[in-house]
Amino acid sequence: MRYFVVFLFLLISITGFTQESSDQKKVFGTIISGTTTFPLSNVNIININKVKGTISSSRGAFEIDAEVNDTLHISMIGFQSLRVRVTNDWVKNGNAKIVLSEKSIALEEVIVRKYNLTGYLEVDTKLIPDQENYRYSISGLPQGYEAGEYSPKAFSRVMNSIFNPADMLYNFFGNKPKELRKLKEMKKDNTVKALLETKFDRETIAILLGIDKKDIPEILQHCNYSEAFIQTANDLQILDAISQCYEQYKVLKK
């Protein structure tokens, strides 16, 4: 009887392990150009639901952890981004062909005139300020706050933002706890991190957090990040900034 119980326990354990392994499903696909029909390599594919990422091979092929109804965000520079839902047929057939369309970009003339430089180094170095942005350290918080261009009211803007619970941060962070938990998951996946480090369009962050791209500058302004940082930081730096702001919000909310 004792040997029968041990055998039964082992059988249940093996069955459970097999079931658990079978739950780890993958989907496979091939990405091609809609213009040339050639395969596209180094295309970024992110499972929005599981916050897992991968890139396509030299033959345009990829595989990624996914289940039915998961959404894949597919993007590449010069091509229109695409969101594809994983279907039952895709999972059963094992492979799918995905076509990306090229972007048509019209370049306009841009004239940048912030400083009227003379061409003389000794003079020009005095015309350009060597530091425009400042950060304030708040006692009890692990990170500082960037207050933008220096002004007598910069510190008061920081303090007002921190101690005003009925502002945009409360509305945003309070209504999106599930999406904001993805912030930690994003930073665990090396493929997602590498992608965000090369992007500046805020598209991937907006999709993963379920917000509009236009909301991101406003969120960072309420977190007292300067306009210069908001405009020039890559998407990974923006992700870290929102993550830090969220952690500080949770501390202050308590």
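Residue positions within a chain follow its written sequence, with the count starting from 1. pLDDT decides what is reported in this predicted model: residues at 70 or higher carry local features, side-chain atom pairs at 80 or more are listed and counted, and totals for whole chains, interfaces and linings draw on all residues regardless. Hydrogens and water are ignored here; the side-chain numbers use all heavy atoms of the structure.

*Asks:* Where do I start with the sheet that holds strand S4 (residues 61-65) in this structure?
*Replies:* Strand pairs in the sheet, formed through backbone hydrogen bonds, run parallel or antiparallel to each other. Note: two strands are recorded as paired if DSSP finds a minimum of 2 bridges between them. Per the convention used, a helix needs a DSSP run of H or I reaching at least four residues, while a strand needs a run of E reaching at least two, with both numbered from the N terminus. Strand order in the open sheet formed by three strands is S4-S1-S7, and the pairing between neighbours is mixed. Only two strands of the sheet have a single neighbouring strand rather than two, namely S4 and strand S7 (97-100). Direction aside, the axes of adjacent strands within the sheet are offset by 35° on average. One ladder, built from five bridges, connects strand S1 (residues 26-33) with S4; its direction is antiparallel. The residue bridging Gly-29 from the neighbouring strand is Phe-62, located in S4. To define axes, lines are fitted to C-alpha atoms, for helices over the stretch in contact only, and angles between the resulting N-to-C directions are given on a 0 to 180 degree scale.

*Asks:* What is the right way to look at the sheet that holds strand S2 (residues 44-47) in this model?
*Replies:* Reading across the sheet, the four strands line up as S3-S2-S5-S6 and stay open at both edges, with antiparallel pairing between neighbours. Either end of the sheet is taken by a strand with one partner, and the two such strands are strand S3 (52-55) and strand S6 (82-85). Strand after strand, the sheet turns through a mean of 20° between neighbouring axes, direction not considered. The pairing of S2 with S3 spans four bridges and is classified as antiparallel. Each residue of the ladder has a partner; that of Ile-45, found in S3, is Thr-54. Every residue pair with non-hydrogen atoms within 4.5 Å of one another is taken to be in contact. Strands S2 and S3 of the sheet are contacted by helix H8 (residues 190-198), whose axis makes an angle of about 70° with S3.

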